[in-house]
Amino acid sequence: MNLETTKDIENDTSLQAAEIAAQNDLFRKALIDPTAAIEMHSKGIQGQVFVTPGVSGEGIEFQTAALAAVASDDQFDEGNDPYGDHTFGTVTISGQKLFWRIDLYDADYKYGSDRPFDTSVTRRVLTIMCPSEY
């Protein structure tokens, strides 16, 4: 972000949501796309990915399919994305519905980020889970 963009985004929640959505989309895409992973790192986007016991219990092929589905998910509407920041979604793998969620933490993964649009102080945690684990 340049200085002018930074000034605008500080006070505009729509710009913040759009920036967070773009970062979240790139973070997810980087799960399966090496070029996206390079871009993600060049932009300072950092985070971790977790699958819950319900997802991991389905086996490695299921987990791989789940990661690919989450990485390419682009089905966002007011029902699942009311803030326009792409922090939640649903995918279906082998007939089983899964939820994914991105939480935005401070650099120590201790508290929520005060500036979730700022990659220098924000870390992402992507969790893929069964609806019963939500």
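To keep things clear, this report deals only with the structure shown in the data block. (Residues numbered from 1 in each chain as written. Predicted model: local features only at pLDDT ≥ 70, side-chain atom pairs only at ≥ 80, totals over all residues. Heavy atoms only, no water.)

### A word on the pattern of salt bridges
- Under the definition given, this model contains 6 salt bridges.
- Here Glu10 ties to Arg115 by a salt bridge, and the two come within 2.5 Å at their closest N and O atoms. With a gap of 105 residues between them, Glu10 in helix H1 (residues 3–11) and Arg115 in the loop between strand S3 (96–105) and strand S4 (123–129) connect regions that are remote in the sequence.
- Ionic pairing is found between Lys43 and Glu39, a salt bridge with its closest N-O pair at 3.1 Å.
- The partly exposed category is assigned to Lys43, whose relative accessible area is 47%.
- Counted as one network, the salt bridges with shared partners bring together Glu10, Arg115 and Asp118. (Salt bridge = Lys/Arg side-chain N within 4 Å of Asp/Glu carboxyl O. Helix = DSSP H or I, 4+ residues; strand = E, 2+ residues; numbered from the N terminus. Buried < 20%, exposed > 50% of the residue type's maximum accessible area, 1.4 Å probe, protein only.)

### Focus: the sheet that holds strand S2 (residues 88–93)
- Taken in spatial order, the 4 strands make up an open sheet running S1-S4-S3-S2, and their pairing is mixed. Single-partner strands in this sheet number two, and they are strand S1 (46–51) and S2. For this sheet, the mean inter-axis angle between neighbouring strands, taken without regard to orientation, is 20°.
- Relative to S3, S2 is paired through 6 bridges, and the arrangement is antiparallel. Bridging across to S3, Phe88 finds its partner in Arg101.
- Across the sheet, helix H5 (residues 60–72) touches S1, S2, S3 and S4, and the angle it forms with S2 is around 135°. (Pairing = 2+ DSSP bridges. Axes fitted to C-alpha atoms, helices over the stretch in contact; angles between N-to-C directions. Contact = heavy atoms within 4.5 Å.)

### Describing the environment of Lys43
- One can find Lys43 in the loop between helix H3 (34–42) and S1.
- Considering only alpha carbons, one finds Lys43 and Leu26, 17 residues apart in sequence, at a separation of 9.9 Å.
- Non-local contacts of Lys43, meaning those with residues more than four positions away in its chain, are made with Leu26 and Thr119.

### Remarks on the side chain of Arg28
- Here Arg28 is to be found in helix H2 (residues 13–29).
- Here Arg28 is in contact with Val70, Ala71, Ser72, Asp73, Phe76, Trp100, Ile102 and Leu126, once residues within four sequence places are set aside.

### What about the packing of H2 against H3?
- One way to put it is that H2 packs onto H3 with a least axis distance of 8 Å and a crossing angle of 135°. When the axes of H2 and H3 are compared, the pair comes out oblique. Our pair here, H2 against H3, has a crossing hand that is left-handed. Note on element contacts: H3 touches H2 through Ala36, Glu39 and Met40, opposite Leu26, Phe27 and Lys29.
- The residue inventory of the contact of H2 with H3, partitioned by class, reads 4 nonpolar, no polar and 2 charged. (Parallel < 35°, antiparallel > 145°, perpendicular 65-115°, else oblique. Left-handed = near helix turned anticlockwise from the far one by under 90°. Nonpolar A, V, L, I, M, F, W, Y, C, P; charged D, E, K, R; others polar.)

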